[in-house]
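# Topology and contacts: notes
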Amino acid sequence: MMELPIQTDLTGKVAVVTGGGGVLCSVLCKALASSGAKVAVISLHEESSRKVEEEITADGGTAKGYACSVLDKEALAACHEAILRDLGPCDLLVNGAGGNNPRGTTDKEYFEAGDLDSDLKTFFSLDNDGFEAVFNLNLVGTLMPTQEFAKDMIGREGCSIINISSMNAFTPLTKIPAYSSAKAAVSNFTQWLAVHFSHAGIRVNAIAPGFFSTRQNAALLWNEDGSPTQRTGKILAATPMDRFGKPEELIGALLFLASEEAASFITGVVLPVDGGFSAYSGV
Ligand code: NAD
């Protein structure tokens, strides 16, 4: 079992983690299993969710992998049925599926006269479908699993939802308007849900990771030869702790927010885990 930064007893609880096969959320799945939860690992592709299932099971924990799109209502319902059968009703939902797409990204940070006549992907030539895909994955991909799994939480104690937002939700990052606005919507939706579910006893919070070097942002952070991009230099200069985060550094925030003992009066917060990025003005 994984060594944990804080002890939270989640024995008997069922945790459903979307995007659980990914770089960050696979670590969160392992932390939840090491805290005693039975973990439903949902990914778009079966291979990655099964891999996390196998790793947790080999380590003595309880997990089951499922392949399902967070944007497919019928598939979510079928996945929910399977989880109820295999593990039981959901106590904790982590909405981790998300990410950016190059089709929602501009080539340049600043628009300049003359760009319209170039081959560059400018704000004006952004692909609407690409923009929509990013918005859907992050926001609607948080909405739909919540509609499906929060039903299990009604009338039961100690249930909560944890969404995954991002630094770009506080202040947008250059080049990625779709991802920035989608994550701002995730933070806003977290607050809305927290209020909406407050009488139902379901706490809703979010974690806003700072910069973690993972697969989904690799093309923005590293050149093909492995050297850091100019953007990496800017990120590190704007992160007072002067480094990227390690996925394991999200575990403390997750277990704290998931803990009914530690966070029973905490709902509607978006907790940055960012090495100081969101606190730093740059001066
Ligand atoms: P990742 O690409 O490694 O993992 C993403 C996961 O989401 C994968 O398991 C993938 O199968 C799943 N997924 C994608 N589309 C899906 C769909 N339609 N239905 C179901 N699952 C789907 O990404 P990551 O870096 O681990 O990011 C995890 C979360 O953290 C995302 O929400 C991301 O936006 C957020 N985040 C990441 C960083 C970072 O620095 N990596 C920073 C802030 C926020």
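Above this text is the structure in question.
An account of the accompanying structure is given in this report. (Residues numbered from 1 in each chain as written. Predicted model: local features only at pLDDT ≥ 70, side-chain atom pairs only at ≥ 80, totals over all residues. Heavy atoms only, no water.)

### What to know about the side chain of Asn168
This is how the line gets drawn: Numbered from the N terminus, helices here are DSSP runs of H or I no shorter than four residues, and strands are runs of E no shorter than two. Contacts were defined at the residue level, with two residues in contact if any of their heavy atoms lie within 4.5 Å.
Relative to the helices and strands, Asn168 resides in the loop between β5 (159–164) and α5 (177–196). Once residues lying within four places of it in the same chain are set aside, the contact partners of Asn168 are Leu173, Ile176, Tyr179, Ser180 and Lys183.

### A word on the nonpolar core
This is how it is decided: We define the nonpolar core as a collection of buried residues of types Ala, Val, Leu, Ile, Met, Phe, Trp, Tyr and Cys that are connected through side-chain atoms lying within 4.5 Å of one another. To sort residues, take the accessible area from a 1.4 Å probe on protein chains only and compare it with the maximum for the residue type: under 20% means buried, over 50% means exposed, and anything in between is partly exposed.
Within the largest apolar cluster, 32 residues are counted, with the highest numbers of intra-cluster contacts made by Leu32, Val39, Ile207 and Leu254. When contributions to this core are tallied by element, the ones reaching two or more residues are β1 (14–18), α1 (23–34), β2 (38–43), α2 (46–58), β4 (92–95), β5 and α8 (251–258). The element that contributes the greatest number of residues to this core is α1, accounting for eight residues. Not counting the four nearest positions on each side in its chain, Val39 is found in contact with Ala15, Val17, Cys29, Leu32, Ala33, Thr62, Ala63, Lys64 and Leu87. Counting 28 residues, the second largest nonpolar core, distinct from the first, contains Val16, Ala82, Val186 and Leu193.

### With respect to α8
Most of α8 sits out of view: six of its eight residues are buried. Residues of α8 that are buried: Ile251, Ala253, Leu254, Leu255, Leu257 and Ala258. Residues of α8 that are buried in the fold lie against α1, β4, β5, β6 (202–209), α9 (260–263) and β7 (270–273).

### Overview of the site of the ligand
Using the following cut-off: It suffices for a single heavy atom of a residue to lie within 4 Å of a molecule or strand for the residue to be listed as near it. Pairing of N or O atoms within 3.5 Å defines a polar contact, subject to two protein rules: one partner must be a possible hydrogen donor and the other a possible acceptor, and residues neighboring in sequence count only if both atoms are side-chain atoms. In this description, accessible areas are obtained by the Shrake-Rupley approach with a 1.4 Å probe, and a residue is regarded as covered only by the protein chains that are shown. Residue classes follow a fixed rule: Ala, Val, Leu, Ile, Met, Phe, Trp, Tyr, Cys and Pro count as nonpolar, while Asp, Glu, Lys and Arg count as charged, and any other residue, Gly among them, counts as polar.
Lining the immediate environment of the ligand, one finds 28 residues, of which Val23, Leu24, Tyr179, Phe212 and Thr214 sit closest. At 2.9 Å from a nitrogen atom of the ligand is found a main-chain nitrogen or oxygen belonging to Val70. The backbone of Phe212 places a nitrogen or oxygen atom 2.7 Å from an oxygen atom of the ligand. Protein burial of the ligand: of its 820 Å² of free accessible surface, 92% is covered by the chains. Elements with a contribution of two residues or more to the shell around the ligand: α1, α4 (128–149) and α5. Along the lines of polarity and charge, the residues of the shell around the ligand split into 11 nonpolar, 15 polar and two charged.

### Quick look at unusual backbone geometry
We note that Lys175 has phi near 75°; this positive angle belongs to a residue other than glycine. Counting through the fold element by element, Lys175 comes out in the loop between β5 and α5. Take Lys175: its relative accessible area is 24%, and that puts it in the partly exposed class.

### What to know about the sheet that holds β5
The cut-off we apply is this: Two strands form a pair only when DSSP identifies at least two bridges running between them. Whenever a helix is involved, its axis is fitted only over the stretch in contact; in every case the axis is a line through C-alpha atoms, and angles between N-to-C directions fall within 0 to 180 degrees.
Reading across the sheet, the seven strands line up as β3-β2-β1-β4-β5-β6-β7 and stay open at both edges, with parallel pairing between neighbours. Strands at the two margins of the open sheet, each flanked by one partner only, are β3 (62–67) and β7. On average, adjacent strands in this sheet sit at an angle of 20° to one another, irrespective of strand direction. Where β6 meets β7, four bridges bridge the pair, whose relative direction is parallel. Within β7, the residue paired with Ile207 across the bridge is Leu271. Each of β1, β2 and β3 is contacted by helix α3 (residues 73–86), which is oriented at about 160° to β3, the strand it contacts most. Its contacts with the sheet put α5 on β5, β6 and β7, and the angle it makes with β6 is roughly 160°.

### So, the packing of α1 against α8
The geometry of a pair of packed helices is captured by two quantities: the angle between their axes and the separation between those axes. Stated formally: Roughly parallel refers to an angle under 35 degrees, roughly antiparallel to one over 145, roughly perpendicular to one between 65 and 115, and oblique to any angle outside these ranges. Crossings are classed by handedness, with left-handed meaning an anticlockwise turn of the near helix from the far one by less than a right angle and right-handed meaning a clockwise turn.
Running from N to C, α1 and α8 point in directions that differ by 50°, and their axes come no closer than 10 Å. As judged from the angle between their axes, α1 and α8 are oblique. Crossing of α1 over α8 shows right-handed handedness. Each of Val27, Leu28, Ala31 and Leu32 in α1 lies in contact with α8, whose residues at this interface are Ile251, Leu254 and Leu255. Class assignment of the residues belonging to the contact of α1 with α8 gives a composition of seven nonpolar, no polar and no charged.

### Quick notes on the pairing of β6
Buried residues dominate β6, accounting for eight of its eight residues. Relative to β6, β5 runs parallel, the two sharing six bridges. Looking at β6, one finds that Asn163 is bridged to Ala206.

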